[in-house]
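Topology and contacts: notes
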Amino acid sequence: FHRTQLQTSTVTMSTASNPHVKKKQKIDTEDDGIPVPEITQLDYVNLTTHSDTFGVDPLPISWGHPDPAVRGPVICTVRHHSQRNAIGAHSGSYCIYTGLAVAAGKLNPEYVPNLKLTSPVFKIGPHPSWSNPRKMASIDPFGHLTTQAFSKYLDKGFDIRPTIAVTKAHIDLPECREAIAAGRLIPDGKILVSSGQSICSKAAIEPVWYLPEVARRFGCTEVQLRQSIFRMTNGMYPELITRPDIKIFLPPIGGLTIYIWGDPDTIPDEDIELTCRVHDECNGSDVFGSDICTCRPYLTHAIEECIKTAQRGGCGIVIYFRKEGRSLGEVTKYLVYNTRKRQEGGDSAANYFNCTEVVAGVQDTRFQALMPDPLHWLGITKIHNFISMSDMKYNAIVNTGITIENRIEIPKELVPADAQVEITAKVFHGYNAGKAYQGIDEDELKQTKGRDYDYDSKGKNVVKD
């Protein structure tokens, strides 16, 4: 591959060195030794580069070093192509919209954000886990400290973007108002106000992968990981193949949000109660209340328990991952729904997981190998109340050294009628039954049926309960 120069109506291929990229980084030896930023001229487009390409000199990054000055910043913006030390682009899947904004003439591609007023509104870290790649491989632990940890780079003109934003919010859920009316929640004016709003802190996180450790967690070589992602994205990121020297990857996937009720400073203290739920996105249930699964009722139950914990002087945390449809996507999920409802014998717990595998070729692509990282970013070493029945999540967390004291199942009265298929299948296949779901056997698995949809009744959708 060669550098290409965009002209009026043609793309010119050139094997000569790019006049806009210098061979070596200029080092400012008069003060701190930080390189001088090289600004990429945007009339040139790099198809890809090889590690020995003339003029390419990415800023060094020492993943896992506890000192951000030594670790170095993640450079993944378009302004410093020769110094970029990460593959991919910022904003996850939303990077495509950035391209659309530039194409539509609404965004200047050379614009650099003003980060002056964007610093975190409360302190997180540093924690010992930040310097352990086995606990921190999918998040840049310094991603929220851009203006503090890398201020000298910013002052010199480097375009470095935060990958974490930390703020505060008021959360207004109808379930909290219902809990107040029922007497389960009592407003205290600090964590929960009389209107039903709860006051929390939150952090949004974009994924930043350290490829060697990601490969180790998935039990493959780094080469295999790079080749698989390259192949299954139809060659979207050639640098995964051509730049083995670059170990950082910003994947085009959704990130996560952390919601915290109570004092975040108490999170690392094992003697202070900590309640936590790790929740994977389900738009249909979480937002619109679809009753085919337990997602929203389990999420709102967890929030209620987090509020209670915070009111007792502890801390409650919900981590919300963008992993729609077990990371298979919402289209695939709906195709699975149709398969479940149309299969011979109707929707059944016995075939719950088989239907996903028939459509997608796999039951689940979340895997949870990277899931514990935000827990370690928060400094968590012990969870007193884990609001989850998932064996996959539990095993992934405790295998990284975090202790879980209690596992809390969803109350039976919160399980919607059509979600009985899901909960029965999951408990039978290994989810923690707790006290509420003991005794689910093969007979109950076969007998548990979901709502029937008659899609083919004279062109109308007839629902049979």
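This text follows the structure it describes.
Small disclaimer: the values here were computed from a predicted structure and weren't measured.

So, on to the overall build of the protein. From N to C terminus, the protein includes 16 helices and 15 strands. For the protein, the exposed area adds up to about 22500 Å²; of that, 52% sits on carbon and sulfur atoms.

Residue Pro126 is bonded to the preceding Gly125 through a cis peptide linkage, with omega at 0°. Note on placement: Pro126 falls in the loop between α2 (95-103) and α3 (146-149). The phi torsion at Asn234 lies on the positive side, around 55°, for a residue other than glycine. Inspection of the secondary structure puts Asn234 in the loop between α7 (222-232) and α8 (239-242). Although it is not a glycine, Arg326 adopts a positive phi angle of roughly 55°. By secondary structure assignment, the location of Arg326 is in the loop between β11 (315-321) and α11 (330-342).

What follows covers helix α12 (residues 352-360). Looking only at α12, the buried set comprises Tyr352, Phe353, Cys355 and Thr356. Burial along α12 is one-sided: seen end-on, the buried residues are contained in an arc of 155°. Where α12 is buried, its residues contact α11 and α15 (420-428). Trailing α12 by a residue or two, Gly361 shows a phi angle of about 85°, which is positive.

Taken as a whole, this structure holds 11 aromatic pairs when the rule is applied. Relative to Tyr210, the ring of Trp63 lies with its centre 5.6 Å away and its plane at 5°, an arrangement referred to as stacked. Of this pair, Trp63 sits in the loop between β3 (44-46) and α1 (68-71) while Tyr210 sits in strand β7 (residues 209-210), placing them 147 residues apart in sequence. Each residue in the set Phe150, Tyr153 and Phe158 is aromatic and connected to the rest through ring pairs, giving one cluster.

Under the definition given, this model contains 27 salt bridges. Notably, a salt bridge pairs Glu405 with Lys382, separated by 3.1 Å at the nearest N-O pair. Here Glu405 is found in strand β13 (residues 403-407), whereas its partner Lys382 is found in strand β12 (residues 382-386), with 23 residues between them in sequence. When the shortest N-O distance is used, the salt bridge between Glu442 and Lys446 registers 3.7 Å.

Bringing the state of the cysteines into the picture now. All told, the structure shown has 0 disulfides when counted by the stated rule. We note that Cys76 lacks a disulfide partner, and the nearest cysteine sulfur, in Cys95, lies 9.2 Å from it. Of all cysteine sulfurs, the one in Cys295 lies closest to Cys293, which takes part in no disulfide; the gap is 3.6 Å.

Our next topic: α15. Of all 9 residues making up α15, 7 are buried, and the element is well covered by its neighbours. Taken residue by residue, α15 has Val421, Glu422, Ile423, Thr424, Ala425, Lys426 and Val427 as its buried positions. Taken together, the buried residues of α15 touch α11, α12 and α16 (442-447). Backbone geometry just downstream of α15 places Gly430 in the positive-phi region, at approximately 130°.

On the surface, a cluster of nonpolar side chains totalling about 510 Å² of accessible area is made up of Tyr94, Ile96, Tyr97 and Leu100. Tracing the sequence through the fold places Tyr94 in the loop between β4 (86-88) and α2.

This brings us to the environment of Ile303. Looking at the element boundaries, Ile303 is found in helix α10 (residues 295-311). By relative accessible area, which is 8% here, Ile303 ends up buried.

Every regular strand shows the same layout, with side chains that alternate between the two sheet faces. Most of β11 sits out of view: 7 of its 7 residues are buried. Burial along β11 is two-sided: the residues Cys315, Ile317, Ile319 and Phe321 and Gly316, Val318 and Tyr320 are all buried. Across 7 bridges, the pairing between strand β9 (residues 256-262) and β11 is antiparallel. Its bridge partner lying in β11, Leu256 is registered against Phe321. Here strand β10 (residues 274-280) runs beside β11; their pairing, made up of 7 bridges, is parallel. Within the sheet, the bridge partner assigned to Asp280 lies in β11 and is Phe321.

A separate point is the environment of Arg312. Assignment of secondary structure puts Arg312 in the loop between α10 and β11. What makes Arg312 exposed here is its relative accessible area of 52%. Expressed as a C-alpha distance, the spacing of Arg312 and Gly262, which sit 50 residues apart in the sequence, is 9.3 Å.

Turning our eyes to something else, we now look at the nonpolar core. If you look at the biggest cluster of nonpolar residues, it comprises 40 residues, and the most contacted ones within it are Ile258, Ile317, Trp377, Leu378, Ile380, Ile383 and Ile397. Listed by contribution, the elements that provide at least two residues to this core are β5 (164-172), β6 (197-205), β9, β10, β11, α13 (373-377), β12 and α14 (391-398). If you tally residues by element for this core, the top one is β11, at 4 residues. Ignoring anything within four residues of it in the chain, the contact list for Ile380 reads Ile267, Leu274, Ile317, Leu375 and Ile402. Core analysis: the next-biggest nonpolar cluster, separate from the first, contains 30 residues, Leu173, Ala179, Leu299 and Tyr320 among them.

Overall, mixed pairing links the 7 strands, which are arranged β5-β6-β9-β11-β10-β12-β13 in an open sheet. Looking at which strands have only one partner, the edges of the open sheet turn out to be β5 and β13. Across the sheet, the mean angle from the axis of one strand to that of its neighbour is 30°, orientation sign disregarded. Here β5 runs beside β6; their pairing, made up of 9 bridges, is antiparallel. Counterpart to Ile164 in the pairing with β6 is Ile205. Together, β10, β12 and β13 form the strand contacts of α14, whose direction differs from that of β13 by roughly 150°.

Cut-offs and rules
Residues numbered from 1 in each chain as written. Predicted model: local features only at pLDDT ≥ 70, side-chain atom pairs only at ≥ 80, totals over all residues. Heavy atoms only, no water. Helix = DSSP H or I, 4+ residues; strand = E, 2+ residues; numbered from the N terminus. Areas by Shrake-Rupley, 256 points an atom, 1.4 Å probe, with all protein chains shown as cover. Buried < 20%, exposed > 50% of the residue type's maximum accessible area, 1.4 Å probe, protein only. Arc of directions from axis to C-beta. Contact = heavy atoms within 4.5 Å. Phe/Tyr/Trp six-rings, centres within 6.5 Å; stacked < 30°, edge-to-face > 60°. Salt bridge = Lys/Arg side-chain N within 4 Å of Asp/Glu carboxyl O. Disulfide = S-S within 2.5 Å. Patch = residues over 30% accessible without salt bridge, like charges linked within 9 Å, V, L, I, M, F, W, Y side chains within 5 Å. Pairing = 2+ DSSP bridges. Core = buried A, V, L, I, M, F, W, Y, C linked by side-chain atoms within 4.5 Å. Axes fitted to C-alpha atoms, helices over the stretch in contact; angles between N-to-C directions.

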